[in-house]
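What the coordinates show
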There are 2 protein chains.
Amino acid sequence: MSDSEIQAGVEGVNLEDGEKKLSKKELNKLARQQKKAEKKHQGADTKTEESTEEEDISKNKYGTYGLIRSTERKELEFVNVGTLNSSLDGKEVWIRGRLHTSRVQGKTGFIVVRQRIFTIQGVLFVGAEVSKQMLKFVGNISKESIIDIFGVLHKVDQEIVSCTQREVELHIKQIFVVSAAEPRLPLQIEDAARRANEDANLATVNLDTRLDNRILDLRTQTSQAIFKIQAGICEIFRNALSKRGFTEIQTPKIIPSPSEGGANVFEVSYFKGSAYLAQSPQLYKQMAIAADFDRVFTIGAVFRAEDSNTHRHMTEFVGLDLEMAFNFHYHEVVDTIGVLLIEIFKHLQANYQHEIEAGDEDDLSTTNEKALGKLVREKYKTDFYILDKYPLSVRPFYTMPNAEDGRWSNSYDMFMRGEEILSGAQRIHDPVMLTERAKHHNIDLEKIRAYIDSFRYGCPPHAGGGIGLERVAMLFLGLSNIRLCSLFPRDPRRITP
Amino acid sequence: MSDSEIQAGVEGVNLEDGEKKLSKKELNKLARQQKKAEKKHQGADTKTEESTEEEDISKNKYGTYGLIRSTERKELEFVNVGTLNSSLDGKEVWIRGRLHTSRVQGKTGFIVVRQRIFTIQGVLFVGAEVSKQMLKFVGNISKESIIDIFGVLHKVDQEIVSCTQREVELHIKQIFVVSAAEPRLPLQIEDAARRANEDANLATVNLDTRLDNRILDLRTQTSQAIFKIQAGICEIFRNALSKRGFTEIQTPKIIPSPSEGGANVFEVSYFKGSAYLAQSPQLYKQMAIAADFDRVFTIGAVFRAEDSNTHRHMTEFVGLDLEMAFNFHYHEVVDTIGVLLIEIFKHLQANYQHEIEAGDEDDLSTTNEKALGKLVREKYKTDFYILDKYPLSVRPFYTMPNAEDGRWSNSYDMFMRGEEILSGAQRIHDPVMLTERAKHHNIDLEKIRAYIDSFRYGCPPHAGGGIGLERVAMLFLGLSNIRLCSLFPRDPRRITP
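Rules used throughout
- Residues numbered from 1 in each chain as written.
- Chains lettered and ligands numbered in written order.
- Predicted model: local features only at pLDDT ≥ 70, side-chain atom pairs only at ≥ 80, totals over all residues.
- Heavy atoms only, no water.
- Pairing = 2+ DSSP bridges.
- Helix = DSSP H or I, 4+ residues; strand = E, 2+ residues; numbered from the N terminus.
- Contact = heavy atoms within 4.5 Å.
- Axes fitted to C-alpha atoms, helices over the stretch in contact; angles between N-to-C directions.
- Buried area = accessible area lost by both parts, 1.4 Å probe.
- Salt bridge = Lys/Arg side-chain N within 4 Å of Asp/Glu carboxyl O.
- Nonpolar A, V, L, I, M, F, W, Y, C, P; charged D, E, K, R; others polar.
- pLDDT = per-residue confidence, 0-100.
- Parallel < 35°, antiparallel > 145°, perpendicular 65-115°, else oblique.
- Left-handed = near helix turned anticlockwise from the far one by under 90°.
- Core = buried A, V, L, I, M, F, W, Y, C linked by side-chain atoms within 4.5 Å.
- Buried < 20%, exposed > 50% of the residue type's maximum accessible area, 1.4 Å probe, protein only.
- Polar contact = N/O pair within 3.5 Å; in protein donor to acceptor, adjacent residues only side chain to side chain.
- Least-squares fit on C-alpha atoms with pLDDT ≥ 70 in both.
- Phe/Tyr/Trp six-rings, centres within 6.5 Å; stacked < 30°, edge-to-face > 60°.

1. Quick notes on the sheet that holds strand S7 (residues 247–248) of chain A
All names here are of chain A. Spatially, seven strands are ordered S7-S11-S12-S16-S15-S14-S13 in an open sheet, and the strand pairing comes out mixed. Each of the sheet's edge strands pairs with one partner strand only, and the pair in question is S7 and strand S13 (384–388). Bridge count between strand S15 (residues 419–426) and strand S16 (residues 462–468): four bridges; the pairing is antiparallel. When the bridges of S16 are listed, Ala-425 appears paired with Gly-464. Contacts from helix H7 (residues 221–242) reach S7, strand S11 (295–303) and strand S12 (316–325), with the element oriented near 155 degrees to S11. Where helix H8 (residues 282–290) meets the sheet, it contacts S11, S12 and S16, and its direction lies at approximately 25 degrees from that of S12.

2. Considering the interface of chain B and chain A
Taken together, the 144 residues of chain B in the interface contact 142 residues of chain A. When chain B packs against chain A, close to 12600 Å² is buried across both sides, 61% of that on carbon and sulfur atoms. For Arg-73 of chain A, the salt bridge identified is with Asp-335 of chain B, shortest N-O distance 2.7 Å. The dominant element in the side of chain B that touches chain A, judged by the number of residues it contributes, is helix H9 (residues 331–351) of chain B, at nine residues. Classifying every residue of the side of chain B that touches chain A gives 75 nonpolar, 28 polar and 41 charged.

3. Notes on the sheet that holds strand S15 (residues 419–426) of chain B
Residue and element names in this part refer to chain B. Overall, mixed pairing links the seven strands, which are arranged S7-S11-S12-S16-S15-S14-S13 in an open sheet. Only two strands of the sheet have a single partner each, and these edge strands are strand S7 (247–248) and strand S13 (384–388). Two elements, S7 and strand S11 (residues 295–303), share two bridges in a ladder whose sense is parallel. Note that in S11 the partner of Thr-247 across the bridge is Val-296. Strands in contact with helix H7 (residues 221–242) are S7, S11 and strand S12 (316–325); relative to S11, the strand with the most contacts, it is inclined by about 155 degrees.

4. Observations concerning the confidence of the model for chain A
Do not read the fine detail of predicted coordinates wherever pLDDT is low. Residues and elements named next belong to chain A. Chain-level statistics for chain A give a pLDDT mean of 88 and a share of 87% at 70 or above. Throughout residues 1–22 the model reports pLDDT below 50, and contacts reaching past four residues in sequence, or to other chains, amount to 64 contacts. Contacts from residues 40–52, a stretch scored under 50 in pLDDT, to residues over four places away or in other chains number 28 contacts. Overall fold confidence (pTM) sits at 0.89, and the ipTM for the predicted complex is 0.89.

5. So, the packing of H7 of chain B against helix H15 (residues 469–477) of chain B
Residues and elements named next belong to chain B. Running from amino to carboxyl end, H7 crosses H15 at an angle of 120 degrees, the nearest separation of the two axes being 10 Å. Between H7 and H15, the angle falls in the class oblique. The interaxial crossing formed by H7 with H15 has right-handed handedness. Judged by residue contacts, Ile-226, Ile-229, Gln-230, Ile-233 and Cys-234 of H7 engage Leu-469, Glu-470, Val-472, Ala-473 and Leu-477 from H15. A per-class count over the contact of H7 with H15 returns eight nonpolar, one polar and one charged.

6. A look at the nonpolar core
Core analysis: the biggest nonpolar cluster contains 93 residues, and Leu-341 and Tyr-412 of chain A together with Tyr-451 of chain B have the highest contact counts within it. Membership of the second largest hydrophobic core comes to 91 residues, among which are Leu-283 and Ile-443 of chain A together with Ile-229 and Phe-384 of chain B.

7. Topic: the pattern of salt bridges
Proximity of charged atoms lets side chains of opposite charge pair with each other. In total, this model carries 62 salt bridges over all chains according to the counting rule given. In this structure, Asp-491 of chain A and Arg-483 of chain A form a salt bridge, with 2.8 Å as the shortest nitrogen-oxygen distance. Residues Asp-491 of chain A and Arg-483 of chain A agree in their burial class; the two are buried. Each member of the salt-bridge network shares a partner with another, and the members are Arg-98, Arg-114, Glu-144 and Arg-219 of chain A together with Asp-292 of chain B.

8. Quick notes on the side chain of Asp-413 of chain B
Residues and elements named next belong to chain B. Tracing the backbone through its elements, the reader meets Asp-413 in strand S14 (residues 411–416). Reaching out from Asp-413, the side chain makes a polar contact with the side chain of Arg-395 at a distance of 3.1 Å. Residues within four places of Asp-413 in sequence aside, it is in contact with Tyr-385, Ile-386, Leu-387, Tyr-390, Arg-395, Glu-420, Leu-422, Ser-423 and Gly-424.

9. As for the relation of the copies chain B and chain A
When chain B is brought onto chain A, the operation consists of a screw motion whose angular component is 180 degrees and whose axial shift is 0.0 Å, with 0.0 Å RMSD remaining. On the angle and the small slide along the axis, the relation comes out as a two-fold axis. Measuring from the rotation axis to each C-alpha of chain B, the shortest distance belongs to Val-268 of chain B, at 2.2 Å. A high fraction, 99%, of the interface residues of chain B reappear at the interface in chain A, so the copies pair face to face through one surface.

10. Let's talk about the packing of aromatic side chains
All names here are of chain A. All told, the structure shown has 38 aromatic pairs over all chains when counted by the stated rule. Each ring, one from Trp-94 and one from Phe-150, has its centre 5.0 Å from the other, and the planes form 40 degrees; the classification is tilted. Of this pair, Trp-94 sits in strand S2 (residues 92–105) while Phe-150 is found in strand S5 (residues 146–155), placing the two residues 56 residues apart along the sequence. Across the pair, Phe-150 and Trp-94 agree in class, each one buried.

Here is the structure:
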């Protein structure tokens with residue numbers, strides 16, 4: 001590494017006083033870069049693809065940049081499409097986005113430019129600023145290419161119903177291709193975005209084709225909304241728990257034995273031996289409680305080797321888990337989790353209205369809504385309810401049996417719109433009782449020895465629960481298939497892309 | 001499920017209006033519970049283990065609760081040890097904590113009660129409130145048991161140097177065992193907490209013993225501090241990126257082929273076939289950029305099947321990764337990451353002073369500090385610097401070659417105190433160039449087809465980087481072994497507990 005490659009002066013900050021020091025050399029360099037950028041600002045360095053006999057009045061106002069390899073640090077200020085409205089009438093702006101659709105007829109061109117869930121119309125008229133050659137170039141840009149456009153925003157008289165930005169359109173003066181899409185797309189974004197029940201005359205795309213071409217499918221407004229909402233769920237889950245004194249932990253995914261029963265576990269070749277993939281963070285979050293972490297949560301991948309090919313099974317998903325020491329009664333924990341879930345749903349309703357509109361398919365509302373959910377809603381006027389004290393026999397071995405009646409257990413499920421979203425329980429924190437229950441479930445004690453041992457040196461009573469990120473998003477948005485809620489879903493038949 | 005098990009009324013909240021409705025039945029139930037709790041408040045339901053001939057004046061003021069199985073919802077207000085100081089002189093409080101140490105001599109007992117990183121002294125004097133029997137009971141409580149103590153806080157004349165709370169001690173009137181530890185501990189918390197170089201006359205615990213008994217080892221102040229800081233690193237990383245428009249994503253850990261080169265990858269039995277564990281989220285975070293996510297980050301497990309048994313290798317660790325579309329130059333991304341890392345370190349310095357003091361071992365400061373780090377510090381007065389433009393040959397196949405000199409690449413590493421903490425680069429976003437580079441690296445194109453294909457339909461130029469959570473924590477705290485920074489570390493020889 002030569003001296004000149006050390007950028008310390010530019011980026012360097014002394015942690016103690018936070019002072020930023022630029023050397024003379026670096027100041028000079030910055031000045032040179034700026035000069036260069038200004039000089040090239042008007043696209044003088046771009047390649048114009050058309051060469052014609054008559055003079056091109058739009059020369060250097062359109063073309064392709066070529067592959068951007070960071071040879072210069074151009075400073076263009078791009079605006080976000082979502083912020084454009086009629087108050088900006090007359091303003092000149094640069095936009096970088098995807099060519100969503102284009103239509104060139106005679107001396108006029110209409111394009112729609114897309115930025116995630118937002119779209120705006122751009123127009124070109126052959127005349128004083130736009131040459132015939134330029135319009136032809138625009139007509140040849142393939143859909144889904146990334147383009148830079150520059151022009152003037154015009155308030156329109158009639159709402160543009162085909163775009164999210166309905167009040168304005170951009171009169172284009174410059175257009176450059178940043179990254180070209182191949183001309184033939186394996187699926188059309190508009191088709192993938194269309195719901196199956198929307199209009200029988202229009203094409204839709206089946207799920208396998210969508211997942212095979214997931215990169216394109218993820219560009220639809222629905223997909224963009226689904227993953228924005230998932231990020232929101234994780235954020236609220238963490239914030240709500242952090243402010244209640246929970247500590248975030250990371251639990252191992254590689255485990256020595258199929259600790260939660262032998263079925264449905266993936267085996268890993270581990271050097272000369274074998275290991276397994278954790279089916280949940282259950283045992284480890286409890287061990288964190290035994291290790292004095294008091295209240296913990298963790299968000300991470302969990303793995304289920306279940307050969308189920310249904311709309312709601314995946315072999316890998318994201319678990320949001322929490323575990324909490326309580327003082328005397330596990331209902332202390334039930335209260336905390338109940339408030340947490342309500343906080344999540346309220347926050348989503350309040351802050352993700354755009355995304356809910358783009359994503360909500362409500363497929364479940366009539367056909368799948370469970371009878372009990374309906375009943376509870378009618379009787380108690382609520383979408384959210386909790387069932388308490390499940391039969392011991394249907395819960396995992398580590399569930400605390402009910403002290404008054406051993407047929408029951410200190411366990412609970414929480415429901416949203418009649419669908420279970422969270423399962424939890426008080427856990428056994430006594431090694432003797434835990435050993436008995438494990439034996440009763442025919443679990444090889446040797447394989448869970450470290451887990452059982454962790455309760456030998458004092459452990460507070462504790463309870464917890466977990467939700468599946470994709471499942472909650474699916475139910476919240478009423479989607480028909482959980483795979484739509486995983487960026488790159490895995491099931492028994494699919495591990496690609 | 002019988003009707004009475006539905007708690008909907010208690011927990012139920014209608015999402016639309018947030019109104020809480022309690023039925024009469026439930027109100028009655030609550031009232032009964034409260035009455036019951038009040039009645040039992042003074043420990044009348046606890047078992048006193050001692051039975052003696054002379055009357056015990058402390059009867060019902062000490063004993064064990066028995067296994068807490070949520071039979072009643074007692075309401076005691078416990079205080080946090082960390083908040084106790086001389087301003088509370090004379091106040092009566094309940095504390096739940098661990099019995100850290102105890103010493104009973106004659107008619108006096110001294111105990112230290114620990115709550116995570118905080119400790120307080122408790123004292124008992126046989127007299128009007130404490131019986132001989134009670135003191136004997138206290139002397140028999142095993143260390144690390146969880147206990148409830150009730151008493152009066154007294155301001156002390158001389159600082160208690162052996163506790164974190166030096167201004168006050170608790171004069172104990174009641175003491176109950178919540179969860180008893182086995183009398184023989186596999187290691188002593190004080191010994192595990194002691195640093196190897198501290199005092200040659202006192203016992204320390206070697207790393208394997210500590211990791212074998214990780215539940216106890218995690219209770220030391222050092223461990224508590226390390227994981228508090230790690231939670232902090234994750235939180236700041238996310239907050240700093242979220243406010244800059246990044247979206248959190250979750251990438252698959254199960255992948256179809258060893259996509260980043262065949263070495264060091266774990267194989268998974270996947271139904272009738274095979275799959276692999278992702279060595280990083282690299283390809284998937286880039287695919288998210290091609291899918292219009294614009295700026296993404298992800299925190300999750302990464303796996304390396306490297307048979308290295310050193311102080312800084314693990315087979316599973318937590319990656320904090322980001323990827324970002326840029327406009328014209330990857331230095332736009334370098335600037336963002338630089339600011340991010342500085343923000344993380346400043347935030348830790350400012351908000352985790354307690355934890356840094358408990359965790360900082362500074363083992364690296366003299367012996368391991370790299371020569372370059374020292375040089376940069378002397379010349380530029382900074383702990384943090386960036387090296388730019390590494391030789392292409394030492395970087396992965398997807399790294400963008402430098403346009404001006406193909407021997408170099410648009411890649412960078414970032415350093416803290418002379419140690420590399422982040423590695424990143426501009427990535428190739430052109431499928432043709434990417435194919436060429438993959439061929440050059442002898443990578444089977446068929447195995448990365450989905451990845452290469454994702455750049456065929458337009459992709460913005462992008463760059464990113466990643467840090468290892470445990471590594472950053474180790475370097476920040478100057479710890480001697482990365483395993484101390486993993487709750488349950490995995491290496492070629494250890495996958496348990």
